Amino acid sequence: MRPLRALSRFTALALATVALAVPAAPALAQDSIRIGLVTFLSGPAAGPFGVPARLAAEAIVESLNAGKAPSPYNAKGFGGSPIELVVIDEAGGATKQVAEFRNLISRQNVDFVVGYISSGDCLAIAPVAEELKRLTVLFDCGTPRVFEEASYKYVFRTRAHATMDAVAGARYLLEQRPDLGAYAGINQNYAWGHDSWADWTAVMSVLKPEAKVTTSQMPKFGAGQYGAEISALMQSGPEVIHSSLWGGDLEAFMLQATPRGLFKRSGLVLVAGEPNLHRLVGNVPDGTIVGARGPHGVFAPKSTLNDWLRQIYQAKAGYAPNYPAYSVAQAFLGLKAAYEKARLEKVQKAIPMGANRNVKEEMEKAYGRPTTEEVIAAFEGLTFDGPSGKVMMKLGKGHQAVQGTAYGMTRTVGGEVRLENIKYYPVEQVQPPEGVNSLDWIKGGLKPGKW
Amino acid sequence: MSQLLAVLIDGLIYASWLFIIAVGLTLIYGVMKILNIAHGSLYSLGAYAAASLAGYWFSQGYFDATVAHFGPGYEAIAIVASYGVMALAAVLVGLVAGPLIERGILRFMYGKDEIVLVLVTYALFLILEDMIKLVWGVDPYFLYQPYGLLGSFDIGDLTYPNYNLLLFAVAVIIGAVLAWVLARTRQGKILLAVIHDREMAAAQGINVGLVYFVTFTVGAMLGALGGALTAPMISVQPGIGAETIVLAFAVVVIGGLGSLPGAALAAILVGLVRAAAVHYRPELDLFSVYLVMAIVLIARPKGLFSTQEVRKI
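Residues numbered from 1 in each chain as written. Chains lettered and ligands numbered in written order. Predicted model: local features only at pLDDT ≥ 70, side-chain atom pairs only at ≥ 80, totals over all residues. Heavy atoms only, no water.

## Focus on the overall build of chain B
Secondary structure summary: chain B contains 13 helices and 4 strands in total. Against the 2.2 N^0.38 benchmark of 20 Å for 313 residues, chain B shows a C-alpha radius of gyration of 20 Å, consistent with a compact globule. Reported as C-alpha extents along the three principal axes, the dimensions of chain B are approximately 65 × 45 × 40 Å. Looking at the 313 residues of chain B, the share that counts as buried comes to 52%. Put simply, of all contacts in chain B between residues at least 6 apart along the chain, 78% involve residues at least 24 apart. Surface accessibility of chain B: about 14,200 Å² in total, with carbon and sulfur atoms responsible for 70%. (Helix = DSSP H or I, 4+ residues; strand = E, 2+ residues; numbered from the N terminus. Rg over C-alpha atoms; globule rule 2.2 N^0.38 Å. Buried < 20%, exposed > 50% of the residue type's maximum accessible area, 1.4 Å probe, protein only. Contact = heavy atoms within 4.5 Å. Areas by Shrake-Rupley, 256 points an atom, 1.4 Å probe, with all protein chains shown as cover.)

## Brief notes about the overall build of chain A
A count of helical and extended segments in chain A gives 16 helices and 15 strands. In terms of C-alpha radius of gyration, chain A reaches 24 Å, essentially the compact-globule figure of 22 Å for 451 residues. Overall, chain A is about 75 × 70 × 40 Å in size when its C-alpha atoms are taken along their principal axes. By the burial criterion, 56% of the 451 residues in chain A qualify as buried. With an accessible surface of roughly 17,700 Å², chain A has 56% of that area assigned to carbon and sulfur atoms.

## Some details on the interface of chain A and chain B
Chain A puts 37 residues into the contact, and the matching count from chain B is 35 residues. Roughly 3,000 Å² of surface becomes buried between chain A and chain B when both sides are summed, with 54% attributable to carbon and sulfur atoms. Of all residues in chain A, A:Gln225, A:Gln235 and A:Arg260 give up the largest surface area on contact with chain B, accounting jointly for 22% of the area buried on that side. Two residues, A:Lys220 and B:Glu243, come together in a salt bridge whose shortest N-O distance is 2.7 Å. At the boundary of chain A with chain B, the tally comes to 11 residue pairs in polar contact (both at pLDDT 80 or more). Looking at the side of chain A that touches chain B, the elements that each hand over two or more residues are helix 2 (46-65), strand 7 (212-217), helix 8 (227-236) and helix 9 (247-257) of chain A. (Buried area = accessible area lost by both parts, 1.4 Å probe. Salt bridge = Lys/Arg side-chain N within 4 Å of Asp/Glu carboxyl O. Polar contact = N/O pair within 3.5 Å; in protein donor to acceptor, adjacent residues only side chain to side chain.)

## Things to note about the packing of helix 3 (residues 94-106) of chain A against helix 4 (residues 119-132) of chain A
All names here are of chain A. It is at 9 Å that the axes of helix 3 and helix 4 come closest, and there the two elements cross at 35°. The two elements helix 3 and helix 4 cross, and the hand of that crossing is right-handed. Residues Ala 94, Gln 97, Val 98, Phe 101, Arg 102 and Ile 105 of helix 3 form the contact with helix 4, whose own contacting residues are Gly 120, Asp 121, Ala 124, Ile 125, Val 128, Ala 129, Glu 131 and Leu 132. Per-class residue counts for the contact of helix 3 with helix 4 are 9 nonpolar, 2 polar and 3 charged. (Axes fitted to C-alpha atoms, helices over the stretch in contact; angles between N-to-C directions. Left-handed = near helix turned anticlockwise from the far one by under 90°. Nonpolar A, V, L, I, M, F, W, Y, C, P; charged D, E, K, R; others polar.)

## Remarks on the pairing of strand 12 (residues 389-395) of chain A
Residues and elements named next belong to chain A. One ladder, built from 4 bridges, connects strand 11 (residues 383-386) with strand 12; its direction is antiparallel. Looking at strand 12, one finds that Phe 384 is bridged to Val 391. The loop that links strand 11 with its antiparallel partner strand 12 comprises 2 residues. Where strand 12 and strand 13 (residues 400-402) come together, 3 bridges link them in antiparallel fashion. Pairing of Met 392 across the sheet is with Val 402, part of strand 13. Between strand 12 and strand 13, which pair antiparallel one after the other, the connecting turn spans 4 residues, and Gly 396 there sits at a positive phi close to 55°. (Pairing = 2+ DSSP bridges.)

## Let's talk about the state of the cysteines
Structurally, a disulfide amounts to a covalent bond that connects the sulfur atoms of two cysteines. Residue and element names in this part refer to chain A. For the structure on display, the rule yields 1 disulfide over all chains. Paired through a disulfide, Cys 122 and Cys 141 show a sulfur-sulfur distance of 2.0 Å. Residues Cys 122 and Cys 141 share a disulfide whose torsion about the S-S bond is about -100°; that sign makes it left-handed. One end of the pair, Cys 122, is in helix 4; the other, Cys 141, is in the loop between strand 4 (136-138) and helix 5 (145-148), with 19 residues separating them in the sequence. (Disulfide = S-S within 2.5 Å.)

## Thoughts on the confidence of the model for chain A
All names here are of chain A. Averaged over every residue, the pLDDT of chain A is 89; residues scoring 70 or more account for 92%. This stretch, residues 1-8, has a pLDDT under 50; its non-local contacts, to residues over four places away or in other chains, come to 0 contacts. Low pLDDT, under 50, characterises residues 10-30; the stretch is placed with 3 contacts to residues that sit more than four places away or in other chains. (pLDDT = per-residue confidence, 0-100.)

## Observations regarding the packing of aromatic side chains
Residue and element names in this part refer to chain B. A full pass over the atoms with the stated rule returns 25 aromatic pairs over all chains. Arranged with centres 5.6 Å apart and planes meeting at 25°, the rings of Phe 153 and Tyr 160 form a pair that is stacked. The exposure class assigned to Tyr 160 is buried, which follows from its relative accessible area of 1%. For the cation-ring pair, Arg 274 lies above Tyr 14, with the distance from its terminal atom to the ring centre recorded as 4.5 Å. (Phe/Tyr/Trp six-rings, centres within 6.5 Å; stacked < 30°, edge-to-face > 60°. Lys NZ or Arg CZ within 6 Å of the ring centre and 35° of its normal.)

## So, the environment of A:Thr143
All names here are of chain A. Within the secondary structure layout, Thr 143 lies in the loop between strand 4 and helix 5. On a C-alpha basis, the gap between Thr 143 and Gly 120 in space is 8.5 Å, while along the polypeptide they are 23 residues apart. Apart from the residues within four sequence positions on either side, Thr 143 is in contact with Ser 119, Leu 123, Arg 157, His 161 and Asp 195.

## A look at the environment of A:Arg145
Residue and element names in this part refer to chain A. Note on placement: Arg 145 falls in helix 5. With a relative accessible area of 38%, Arg 145 lands in the partly exposed category. Between the alpha carbons of Arg 145 and Cys 122 there is a distance of 9.7 Å; along the sequence they are 23 residues apart. If near-sequence neighbours (up to four positions away) are discounted, Arg 145 is found in contact with Leu 123 and Ala 150.

## Remarks on unusual backbone geometry
Residues and elements named next belong to chain A. Across the junction of Ser 71 and Pro 72, the peptide omega takes the value 5°, indicating a cis bond. As for its position among the elements, Pro 72 is in the loop between helix 2 and strand 2 (83-89). At Asn 109, a position not held by glycine, the phi torsion is positive, near 55°. Mapped onto the secondary structure, Asn 109 falls in the loop between helix 3 and strand 3 (112-115). Here Asn 109 falls in the partly exposed class, since its relative accessible area comes to 48%.

## Here's the deal with the sheet that holds strand 6 (residues 182-186) of chain A
Residues and elements named next belong to chain A. In space, the 7 strands of this open sheet follow the order 7-6-8-9-10-14-15, with mixed pairing throughout. Unpaired on one side and paired on the other, strand 7 and strand 15 (416-425) mark the two borders of the sheet. Between one strand axis and the next, the sheet turns through 25° on average, direction left out of account. Sheet topology note: the strand 8 (residues 240-243)/strand 9 (residues 267-270) ladder contains 4 bridges and is parallel. Across the sheet, residue Val 240 finds its bridge partner in strand 9, namely Gly 267. Strand contacts of helix 7 (residues 191-207): strand 6, strand 7, strand 8 and strand 9, with the helix running at about 170° to strand 6, the strand carrying the most contacts.

## Let's talk about the packing of helix 11 (residues 240-255) of chain B against helix 12 (residues 260-280) of chain B
Residues and elements named next belong to chain B. Running from amino to carboxyl end, helix 11 crosses helix 12 at an angle of 115°, the nearest separation of the two axes being 7 Å. Helix 12 is crossed by helix 11, and the crossing has right-handed handedness. Of the residues in helix 12, those in contact with Val 251, Ile 254 and Gly 255 of helix 11 are Gly 262, Ala 263, Ala 266, Ala 267 and Val 270. Taken together, the residues of the contact of helix 11 with helix 12 break down into 6 nonpolar, 2 polar and no charged.

Right, here's the structure in full:
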C-alpha cells in the first residue's frame, strides 16, 4: 500500500502544481504580443513555401525582439513589447484551418494572426476572422477574390494579389517575342491552376489577340507523372508554354520534360517558379521567364532592409530567402508599422492631458497598448517599407497591398540559376485600381489606374 | 507521328508504372486479404531510400569513379551499378519494414474483420508518413541522374527517355516472374492453397504464418521498388505516398482485388484511357481513372478478374 499511497500523494502534488501553474501562464505572457503564425509545415507546399516562411518569421521575430532591425523598425518587438510566436501547420484543408484559427483565438489567446499560403484557406479564414474580431494578416495567398468579392474590417493582406502574375508575365513575354503566334498551358486542376490560366488567356487575348492556344493541359494536383502531357504539348507545337505549377509538381514536370527536349522546341513562362529555381539547376532551360509576384527574392532591389532580411535568413536557413520569406517579412513589418503608428497616435492624442483630473489614469491609457481597432485604423491605407520596396495598402478599402512586380529570364552559370534581363513593372501597369474587379480590368483593356 | 501512336506509347508507359505500384498491393490482398493502405508509405520509403542511397552514390562521385575505373566503352557497368544501388534501397526497405510490420503488428490482427485491418494499415500509414518527415524532413529530395543515364529514343516527332523502357521491362518481368512462381513452382502452389482456404492449408501442414511473412515482405519490397523507380522522375517529398495509394487502389479494384492479371489489364486500361484523355480532352484527365473504375464496377462489381467466392457455412 505504501508505494501506492506515495504515488497518489505525488500525483496530487503534481496536479496541484499544474493547476496553480495554468492560471499563471497568461499573466506571464501579458507583456509579450502573441502572434499566431500559420504556414505549411507538412505536405507539398511545405518545402518551397511553408518552411521558408516559418524560418523567415522566426529570424525576423528574433531580430525584432533584439532591436536589431534597421530603421524604422529598430524599436524592440512591437513598440517595445516582445513578440511571441505560436506556429501552426496549415496542412489539412480549409475546414481544419477554421478550427485551428478558432483555437488560436480562444485557447492560445493570440493578439494577431499572420498566415495562409493557400488561397482556399484565405477565403475560408477571412469571414471567421471578421466574426471573431481578431486582426488577421494574410501573408502569401494570391486569389484576388478575398477583397474583390467581400469587404473586411479585421483582415489585411500585405502582399499584392495574383493578377499581376499574368499581366506582367504576358507583358514581359510579348516584349521578348512580339511576333508570338501560339502558346499552350500546363496548370494544376484546382482553383489556382484554373484562375492562373483564365487570367493568362484573358490578358493574352487583350495584348495579343491573334495568338492561338494550342493546348491547355490540366493535370491533377500532385499527379507526379507527366509523360502524356509532355507528348501532347510537344505535338501541339506551341512557341511558349505558360505554367503556374509550383513545388513538387513543377519539379517533377521539369525533370521529365527536360530530357525529352520539350524546351528545345518551346519557351517557358513560370509564374510561380522563383522558389524552386535554386533546386532546378541543370533542369531549367536558359531563357525561362520567371516571376515572383512582386519584386521579391532575387528580384528585390538593394536596400538596407533587403540586406537585413538576406543576412538574418541566410544565418537561419543556410541559403538565400525566396519569395515566401519576403511575403512573411512584409506581413510582420506591415503589422509592426501599423501597431507602432497606432501607439504613437494614441500618445499624441493624449498629450494635452494637463486639463484632466486623473493624470495617472490618463497616462496609463495613453501609454498602454493600442486596441485592435486602433491598430486597424493605423493599418488601413498605410504605406510602409518592406525588404523589396514600398508596400501600399491601397486596394480593398485600404486592406489589400499593392506593389510593382518584376520578371526575368534564367541563365545557369557555374551550377547556379541566375535571373537576367530583369524588368520592373510599376503598380499601374499590373494591378487594377480600387473598385475594379481583376478580370473586368483585364477584359477592359488593362487601363492604368491612378495611385 | 500520329496522335494515336502517342496515346498508345504514353498509355503503356503509364500502365507500366501503375502496374509496378499496384502489384504489391494486389499480391498482399490476394494472399492475406489485407487491403494494405501502408503500401503508400512503403512506396514513399522506397523513394526516399533510393534518393538517399543513390543520391549519395552520385554526389560522392562513385558513378564517375566507376566510369573512370573501367574506362571508356564500359560506362554500362557504372549505369547498371547505379540502378543496382536503387534496387538495393528498395530491397533494404522491404527487408526491414516488411518483417517489422508483419511480425510486429499484422500477425496480431489475422482473423479479424477486413475493415479492422484496413483501419490498422491506415493508422500505420499515418504513423509512417510522420516518421518519414521526422527522418527526412519536409524538404524535397532529387535523384534525377538515373532518368537520363540510358539516353533516349525518338518515335516520329516525340522523344522518350529510355528509362521508360526500363519501367516497361521491370513491369513485364515482375508480372512474368509472379505468374511463373504461382503457376509453376511448389511455393506457388502452396500460396494458391493458402489463398483458397487458409484453415484447410494449415490443416494440411502448410506453415501459413511463414507464407504470410514471406508474402508481406515481397509485397513491401515491390511497393518500395515502385517508389525507388519513380524517384528519378519526381521530387521526393512528403505526401507522395498518399497520391500513389489512391491510384494503386483504383487499379487493384478495377482488376479485381487480389488478381494479378486483373491488375495488369486494369493498369493498361487506365493508362490508355488517361493518355487518350490528355491528348484529346485534357479537361477529362482528372476524371478518367475514376470513369474507368465506375464503368467496370457497374458491369462487374467485383472487378474485371473477380472470382466466384464459395460461401462457407
